[in-house]
Each structure stands twice: as C-alpha cells, then as structure tokens.
Amino acid sequence: MADEVLLSIPLKGYACYNLLYQEVAEISNLASQMNSVLSQDVLVLLRRVANLVIGDGVPLYLVGGLVRDLLLKVPSRDVDIVVVGDALTLARSLSDDIDGAAKIHRRFGTATVSCKNLSVDMVTARSEVYSRPGALPDIRPGSIDDDLKRRDFAINAMAIRLDYPHYGELIDPYGGRQDLTQRVVRVLHKRSFVDDATRILRALRYEQRLGFHLEWDTEALLRRDVPALSTISGNRICHELEIILREEQPEKVVERMNGLGVWRSIFTPLDAEDDKLSERFERARRVAGGAPSLSMYLSLLVYNLTESDVERFILFFRIQKMVAKVIRDAVRLKSMLGLLDGNVVLPSVIYRALCSYSPTAILAVDVAEGDSLLHRHLNLYLKRLRYVRTLLDGEALLGLGVNTGPLMGKILGELKDARLDGRVTSVQDEVALVKHWL
Ligand code: CTP
C-alpha cells in the first residue's frame, strides 16, 4: 500500500510535485549509483573528505552539476562540496591529507583544493539575499536548505550527503530528480531571473545541452525578465558567453537566444536571424577536428556585423586584446575579399593581401565563406606562403652594396615577391636579381 501513497512536495507556493512513495524510497540513497558512475579517483577523494569529519558532526554535501549529472548517469569530475561548518579549515585539512594544494578565497569563504588532475571546490553553506537586480548577493552562513534554496534551477538544487552514516543520501527539496525525468529546466521561485539575469543564459545552456525544455512557467518568467539582462555588466555576460561557446553545439544556445529576443537586451546588433551560423559553427568544428578556439567562434558570431558594430562588441564585452584582434581582422578581411577574386591570383598578391591579418582570422573567413576557390587561396597562404622567407637578408644586401634605408626595404620586399611567385629559387638567383636592380 505504501507504494500507492502520494507524497506532495510543496514548492514554495510555486508548483506542486507528486512523487510515488516508492520512487522517493528508491532514490533516497545514491551510494551504489555513485560507485557505478563516478571515477575511482573522485570516489576516493569523496571518502577522504568524509573521513576527515568523522566524529565532528559536520554535515558535508556534494552539490551542483555533479549531482545532476550523476542522476543522468553522466560521470563528472566537477566536485563542489558544501560544508555546514568551516569550509576553509576543512579545505586545508583535505589538502594536507591528500598532499594537494589549497587556494583559499577568504573574502568569498570559498576554497579550491587541487591534487593531480582533480580539484574540489569547497564552500560554507550559505544563504544569499539580493539587494537589487543585477547586484551581487549579500551572503550569510546558513543551512543546506538555505544553500539549495539560493540556487538557479531545481535540477541544480540537489545535494548528496557525504558524512557517515549518511553517505549517499539524496536531498532534493525542489523536485530536481522529477525534473530530470520530465526533462525540464525550472526555476525555484518567481524572482529568480530578476535576482540574477545571467540565469537566463544558464537556463538556455542547460536546456540545449541536455535536450530539455524550459518548464512552462519558467519560460513565461524568462520571457518576462529578459530585459533584466541589461542590468548585467558586459564582463559578466561575456563570461557566460564564453561558457556557452564551450558547449558541444553552442549554436543551439545562440539560436535559442535569438528566438527569445535575448540579444536585444544584451547587444542589439546581434538580434538578427543568422541563417548561416549553424553551418559555420559546424564547419569550424570540422576544420579544427574538435572544439574551435574562442576567437574562432566569436569571429563567426559577429561575422555579419559592420566594423563599427564589431568595435562596440569588443568594447561592451571587454574582449581580451588578442581575441579582439582576431575578430576585428576577420570582419575587416571580409570586406577585402575582392582582392582574391579570380581563378588565377599570383601568390605574391595573395601574400600581400593577407600578411597583416592573424592566421585565425583568415581561417575564420575561410570557414565563414565556405567558398572553394577562396579556400584554395587562403589555404595556400596559411599552409605555405606565410612561411616563405628570402634567402638573402639585410646583411647580405649590405654586402652587395645596398645601404640600409627605404631602398633596402623595397628590395627585400621585391625579393620576397619574386620568391613567392617562383621567379627565384636559389641564392644565386636572388643575388643576380639584386644586381640587376642595382
Ligand atoms: N549556481 C546558481 N546560480 C548561478 C551559478 C551557479 O545557482 N548563477 C549553482 C548551481 O547549483 C550550479 C552550481 O552553482 O549547479 C555550480 O555552478 P556551475 O559550476 O556554474 O554549474 P554546474 O552545475 O557545475 O554546471 P556545468 O555542468 O555547466 O559546469
């Protein structure tokens, strides 16, 4: 009969989840699932942390993405631990115990312990209060319930207890497990996106990564709160954008952002259907044989923009200098492609047209255009022409009677063209040519 009993889990007046009692009983301890999904080094580490608090009565919890992924049977190495006690002292003890290194961020009450190729983030359980939209929250020590309550989505607001004898117990106050089976992303309360509008981007990222959809009310709240994104600094949005671009198929998130009018509140020039984006992102992955660089993806993202909008993009998102050069170059080069039109273009012409652009930008243009003739020219430059050097250098020219100055620069340039175009192939050829000019 117990199987038939329905448990009603109230969700802060927001929704109500009905779970069969048996389902709850089945999921209440995840120790064996942890053993079968997590890698051995992660398991050993979790047990060592748990051993450190034996007899202290300090509750410890595994939280966040690892719990979500574990329930989805996806192994994760992203270990986040919440301590209902002093996380910093425990982090130091763990670091000593496993011969690792602890990085303590006293101001935030967080610590990262690293050992070999594993790292653990530890934090004291806390409650958060948002004084105004977009502001960083005020933080106070709290219980595990407080800590889960402050989180973004029910699927991310579960915890697994680690201290003995509770090891493996699942804490799921918001029905996160049920959401995983129903494949939905759901916020915990109606002000969630207003409190932290970056959650809008996070919601779309999880939705697309996991093949889920936004729960009905959550989608309505998200649409309502999209304008709140304008309260977030370009820097923070850029951070989220970078994380999105690390997804396996980031174009899905970018397109969803478009469909929901998200770009309008972040950066209006990108609020336009780009029917080539998916194709370009896919091609970039094929060319890179895996994940393309951030600068490649960003160049493709802004490829249709004007040069002045690209400058605004760089400024608003505070794009780092080297990446900025790549995306600026890509969009500039796009408008110079006329120089490379035609079946027969001299290698020296190709070289001169491309030598001031960064190789990644050239590759981005190649990917974006997807044109076979252009590809031949760009590829020739990237694979061969950019490495071509003259055999004679400035010193050799001095020996031939050329004085330093503009003339020497001109001769070196002409020699390079001759070499690129195959008019000279040996030192003797180059010497003869210089003598002829002189
Ligand atoms: N979190 C949150 N709100 C945010 C950022 C993070 O509530 N704006 C919480 C979530 O519980 C999240 C956890 O902090 O699960 C860890 O954050 P993060 O490492 O960004 O996410 P993961 O869930 O680990 O996701 P991913 O798989 O993308 O790393």
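This is a predicted model, so every value here is computed, not measured.

K.L.:
Which residues make up the site of the ligand, and what values do they have?
P.N.:
For the ligand, the set of nearby residues contains 13 residues, the closest of which are Arg-68, Arg-151, Asp-152, Arg-205 and Arg-209. Within the side chain of Arg-151, an N or O atom sits 2.9 Å from an oxygen atom of the ligand. Within the contact set of the ligand, an oxygen atom lies 2.7 Å away from a backbone nitrogen or oxygen of Asp-152. Taking 560 Å² as the accessible area of the ligand by itself, protein coverage stands at 74%. Taken together, the elements giving at least two residues each to the shell around the ligand come down to helix H4 (65-71) and helix H9 (198-210). Here the shell around the ligand gets five residues from one element, more than from any other, and that element is H9. Residue composition of the shell around the ligand, by class: one nonpolar, three polar and nine charged.

K.L.:
Describe the sheet that holds strand E6 (residues 110-115), listing the residues and the values that go with them.
P.N.:
Spatial strand order, E5-E6-E7-E4-E3-E10-E11: seven strands in an open sheet with mixed pairing. Strands at the two margins of the open sheet, each flanked by one partner only, are strand E5 (101-105) and strand E11 (170-171). Pairing geometry for strand E3 (residues 60-63) and strand E10 (residues 159-161), over three bridges, is antiparallel. Paired with Val-63 across the two strands is Ala-159, which belongs to E10. Against the sheet, helix H3 (residues 40-52) touches E3, strand E4 (79-83) and strand E7 (118-124), its axis set at about 35° to E7.

K.L.:
Quick one: what's the story with the environment of Val-349, residue by residue and with numbers?
P.N.:
Of note, Val-349 is situated in helix H18 (residues 347-354). Separated by 11 residues in sequence, Val-349 and Thr-360 place their C-alpha atoms 20 Å apart.

K.L.:
Summarise the packing of aromatic side chains; cite the residues concerned and give the values.
P.N.:
What characterises a pair of aromatic rings is the spacing of the ring centres plus the angle enclosed by the ring planes. Taken as a whole, this structure holds 10 aromatic pairs when the rule is applied. The interplanar angle of 55° and the centroid separation of 6.0 Å between the aromatic rings of Phe-267 and Phe-317 together place this pair among those described as tilted. Of this pair, Phe-267 sits in the loop between helix H13 (262-266) and helix H14 (277-288) while Phe-317 is found in the loop between helix H16 (307-316) and helix H17 (321-334), placing the two residues 50 residues apart along the sequence. No difference in accessibility class separates Phe-267 from Phe-317, as the two residues are buried.

K.L.:
Any chance you could break down the nonpolar core for me, citing the residues and the numbers?
P.N.:
Ranked by internal contacts, the top residues of the largest apolar core, which has 116 residues, are Ile-81, Met-122 and Phe-313. Top contributing element to this core by residue count: H17, with seven residues. Residues within four places of Phe-313 in sequence aside, it is in contact with Leu-241, Phe-267, Leu-270, Leu-298, Leu-301, Val-302, Ile-319 and Ile-327. Of all hydrophobic cores here, the second largest spans 13 residues; its members include Val-63, Ala-157, Ile-171 and Leu-188.

The rules we used
- Residues numbered from 1 in each chain as written.
- Predicted model: local features only at pLDDT ≥ 70, side-chain atom pairs only at ≥ 80, totals over all residues.
- Heavy atoms only, no water.
- Near = heavy atom within 4 Å.
- Polar contact = N/O pair within 3.5 Å; in protein donor to acceptor, adjacent residues only side chain to side chain.
- Areas by Shrake-Rupley, 256 points an atom, 1.4 Å probe, with all protein chains shown as cover.
- Helix = DSSP H or I, 4+ residues; strand = E, 2+ residues; numbered from the N terminus.
- Nonpolar A, V, L, I, M, F, W, Y, C, P; charged D, E, K, R; others polar.
- Pairing = 2+ DSSP bridges.
- Contact = heavy atoms within 4.5 Å.
- Axes fitted to C-alpha atoms, helices over the stretch in contact; angles between N-to-C directions.
- Phe/Tyr/Trp six-rings, centres within 6.5 Å; stacked < 30°, edge-to-face > 60°.
- Buried < 20%, exposed > 50% of the residue type's maximum accessible area, 1.4 Å probe, protein only.
- Core = buried A, V, L, I, M, F, W, Y, C linked by side-chain atoms within 4.5 Å.

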